[in-house]
Every structure is written in C-alpha cells, then in structure tokens.
Amino acid sequence: AQRVTQPEKLLSVFKGAPVELKCNYSYSGSPELFWYVQYSRQRLQLLLRHISRESIKGFTADLNKGETSFHLKKPFAQEEDSAMYYCALRPIQGAQKLVFGQGTRLTINP
Amino acid sequence: EPEVTQTPSHQVTQMGQEVILRCVPISNHLYFYWYRQILGQKVEFLVSFYNNEISEKSEIFDDQFSVERPDGSNFTLKIRSTKLEDSAMYFCASSATSGMWYFGPGTRLTVT
C-alpha cells in the first residue's frame, strides 16, 4: 500500500532560520513525489516535483530512495512562507491519483 | 492564468438529500479529478475521469457517488443520499496531461 507520512503537524521557525519539512513515503516501486502548498484562503498549488529538480521560492527537495524521504528545505525562511504544506506521491507513471500526507502547518515568526 | 473553478463554495444539506457539486476545469485539460478532505484529515483521492469515463476510483467512491461531464465545460460530482460522514471539503482538479494537477478552491459540504 502507498503511504505518505509527514510527522510534524505543526512547525514554527523564526524568519531567516532554516526550515525543513519532513516527508517519508512507503511504496515498493519508483514513485513520483510532489510538494503542494496551500496559503491561507487559497487553493492547493504545486510547489515542486522531484523529477523537475527545480528550486521554487527558494525551496528544494531531494528524493532519497534509500531513506524513502522527500524532505522540503529552505535555507532562510520568510514570513510569506507561512502556509500548509502537503507532500504527495503518485504511485506509478500513468497513475491518475495522488496520495497525500497529513500536511504540515508552517508558521514563520517575525 | 486560467484556473479551476468550483460552485458553490459552501453547501449545507440534510442527511439523505442528494447534492451536486460543480466544477469548471481548465478549458484545454483532458483529465478531471475529485478529491476530498474531511476536517483534520488528509486529502483523499476519489475519482479520475478521462475521455468521458472513469479511469480510476478509490474505495471511498462507492455507488453513492457519481461523476458526469454533462457538457463541454462542467464536471460534476453527485452524492446520493448524503450521510453525516460525507461532510468534507471537496476539491476538483484537472490536468492537460497525466501528472500536473491544478486544483480548484474547493466546496465545503456540510451534512446536518
């Protein structure tokens, strides 16, 4: 069965501090991993996906198949990063569904 | 930038009633989805729809649920005989190709 675990429901850091949102997955094959973000009163939007290997809004995430993790990192947090972050897995190429984690609410304190 | 839209933003219904949640996907997209999020829980996949038929569905998507693309623009989720546990946020999504989902703002369904 596919599962995505985000161990922290809440994470609070100070502005300018590094931030890491943890995501672990459980899947026997080679999944595709995503991070989605939901700012206050806005819709879910794609932040980044592991296959594109980009940095969006200063965030990066590396897929570690050995540790089955896809942690989201940013070296210097900004207040506008406060949001709900969801890690998601697409089980196989061509699969139509995303399997989401519980989400982590990130709060950046001034 | 084009967006997925959903109506209504909030729907209140009595237990046992039927509800239809509406979505307008992005116009050139070919894949359509419904997800739901019960308060405090994770976002869960319900169903995907492609080429006028269901392409994948979850265990949650039982006979109580149905989807339809009645015309060239709308994509609907019908819930027959609603139950209290159907109360949730329902998200519609669409994609041009398989794998890049664009989500709507959601419809909050409250069953009383």
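Note that the coordinates shown come from a computational prediction; the quantities given were computed from them, not determined experimentally.

*Asks:* Hey, could you go over the overall build of chain B for me, with residue numbers and the actual values?
*Replies:* If you tally the helices and strands in chain B, you get zero helices and eleven strands. In chain B, the order of α-helices and β-strands from amino to carboxyl end is β-β-β-β-β-β-β-β-β-β-β. The principal-axis extents of the C-alpha atoms in chain B amount to approximately 35 × 25 × 25 Å. Across the 112 residues in chain B, those meeting the buried criterion constitute 45%. For chain B, the share of sequence-separated contacts (at least 6 apart) that also reach a separation of at least 24 residues comes to 53%.

*Asks:* Can you break down the state of the cysteines residue by residue, with the values?
*Replies:* This model, assessed by the stated rule, comprises two disulfides over all chains. Here A:Cys23 engages in a disulfide with A:Cys87; their sulfurs sit 2.0 Å apart. Taking the sign of the S-S torsion, about -65° here, the bridge from A:Cys23 to A:Cys87 comes out left-handed. Of this pair, A:Cys23 sits in the loop between β3 (19–21) and β4 (24–26) while A:Cys87 is found in strand β9 (residues 83–90), placing the two residues 64 residues apart along the sequence. Each member of the pair A:Cys23 and A:Cys87 is classed as buried. Put simply, B:Cys23 and B:Cys92 are joined by a disulfide, and their sulfur atoms are 1.9 Å apart. Judged by the sign of its S-S torsion, about -65°, the bond between B:Cys23 and B:Cys92 is left-handed. With B:Cys23 in strand β3 (residues 19–24) and B:Cys92 in strand β9 (residues 88–95), this residue pair connects regions lying 69 residues apart in the sequence. Of the two residues, B:Cys23 and B:Cys92, neither departs from the other in class, the shared state being buried.

*Asks:* With reference to specific residues and values, describe the layout of surface pockets.
*Replies:* Roughly 580 Å³ of volume is contained in the largest pocket. In terms of lining, the largest pocket is formed by 24 residues, of which the most central are A:Gln38, A:Met84, A:Tyr86, A:Arg105 and B:Gln37. Counting only elements with at least two residues in the lining of the largest pocket, the list comes to β9 and β11 (104–109) of chain A together with β9 of chain B. Residue composition of the lining of the largest pocket, grouped by class: ten nonpolar, ten polar and four charged.

*Asks:* For the confidence of the model for chain B, give the residues involved together with the corresponding values.
*Replies:* Confidence in the prediction of chain B, expressed as mean pLDDT, is 94, and 98% of residues score 70 or more. Between the elements of chain B, mean pLDDT differs from a low of 93, seen in strand β6 (residues 53–57) of chain B, to a high of 98, seen in strand β11 (residues 107–111) of chain B.

*Asks:* I'd like to hear about the nonpolar core, residue by residue, with values.
*Replies:* Residue and element names in this part refer to chain A. One finds Trp-35, Leu-72 and Tyr-85 to be the most contacted residues of the largest nonpolar core, which totals 26 residues. For this core, the elements supplying multiple residues, two or more each, are β2 (10–14), β3, β5 (32–38), β6 (45–49), β9 and β11. If you tally residues by element for this core, the top one is β9, at four residues.

*Asks:* Tell me about the interface of chain B and chain A, residues and numbers included.
*Replies:* Reports often express the size of an interface as the amount of accessible area lost when the parts come together. Residue-level contacts link 22 residues of chain B with 18 residues of chain A. Summing both sides of the interface, chain B and chain A together bury roughly 1,800 Å²; the carbon and sulfur share of this comes to 52%. A per-residue breakdown of the area chain B buries against chain A is headed by B:Lys42, B:Trp101 and B:Phe103, which together make up 34% of the total. At the boundary of chain B with chain A, the tally comes to one salt bridge. Across the salt bridge formed by B:Glu3 and A:Arg43, the nearest N and O atoms sit 3.5 Å from each other. Viewed at the interface, chain A and chain B are joined by six residue pairs in polar contact (both at pLDDT 80 or more). Mapped by element, the contributors of at least two residues to the side of chain B that touches chain A are β4 (31–37), β5 (43–50) and β6 of chain B. In terms of residue count, β4(B) provides more of the side of chain B that touches chain A than any other element does, four residues in total.

*Asks:* Report on the sheet that holds strand β7 (residues 65–68) of chain B, specifying residues and quantitative values.
*Replies:* Residues and elements named next belong to chain B. Spatially, the four strands line up as an open sheet ordered β1-β3-β8-β7, and their pairing is antiparallel. Looking at which strands have only one partner, the edges of the open sheet turn out to be β1 (5–7) and β7. Across the sheet, the axes of successive neighbouring strands diverge by a mean angle of 20°, strand direction being ignored. When β1 meets β3, the two strands line up antiparallel, connected through three bridges. What sits directly across from Thr-7, in β3, is Arg-22.

Criteria and thresholds
Residue numbers run consecutively from 1 along every chain, following the written order of its sequence. Just so you know, chain letters begin at A and ligand numbers begin at 1, following the order they were written in. With the structure being a predicted model, the display of local features is reserved for residues of pLDDT at least 70 and the display and counting of side-chain atom pairs for 80 or more, all residues being used for whole-chain, interface and lining totals. No hydrogens and no water enter the side-chain calculation; it runs on all heavy atoms of the structure. A run of H or I in DSSP becomes a helix once it reaches four residues, and a run of E becomes a strand once it reaches two; helices and strands are each numbered from the N terminus. Each residue is assigned to one of three classes by its accessible area relative to the maximum for its type, calculated with a 1.4 Å probe on protein chains only: buried under 20%, partly exposed between the two thresholds, exposed over 50%. For this analysis, residues touch if any pair of their heavy atoms sits within 4.5 Å. The criterion for a disulfide is a pair of cysteine sulfur atoms lying within 2.5 Å. For cavity detection a 1 Å grid was placed over the protein atoms alone, and a set of points counts as a cavity when a 1.4 Å probe fits there but cannot get out; an open set counts as a pocket when protein lies on both sides within 12 Å along at least five of seven lines, with lining residues being those that have an atom within 4 Å of a point. Grid points are joined across faces, edges and corners, and a volume is the space filled by probe spheres set on the points. Residues were grouped as follows: Ala, Val, Leu, Ile, Met, Phe, Trp, Tyr, Cys and Pro as nonpolar; Asp, Glu, Lys and Arg as charged; and all remaining residues, including Gly, as polar. pLDDT: the predictor's confidence for each residue, scored from 0 to 100. By convention a nonpolar core is built from buried Ala, Val, Leu, Ile, Met, Phe, Trp, Tyr and Cys residues, the set being connected through side-chain atoms within 4.5 Å. Buried area is understood as the total, over both parts, of accessible area removed when two parts are fitted together, assessed with a 1.4 Å probe. Salt bridges are identified by distance alone: a Lys or Arg side-chain nitrogen within 4 Å of an Asp or Glu carboxyl oxygen. Under the rule applied, a polar contact is a pair of N or O atoms within 3.5 Å (in protein, one hydrogen donor and one hydrogen acceptor; residues adjacent in sequence only if both atoms are side-chain atoms). One requirement defines pairing of two strands: DSSP has to find at least two bridges between them. An axis is simply a line fitted to the C-alpha atoms; with a helix, the fit covers only the stretch in contact. Between two such axes, the angle follows the N-to-C directions and lies from 0 to 180 degrees.

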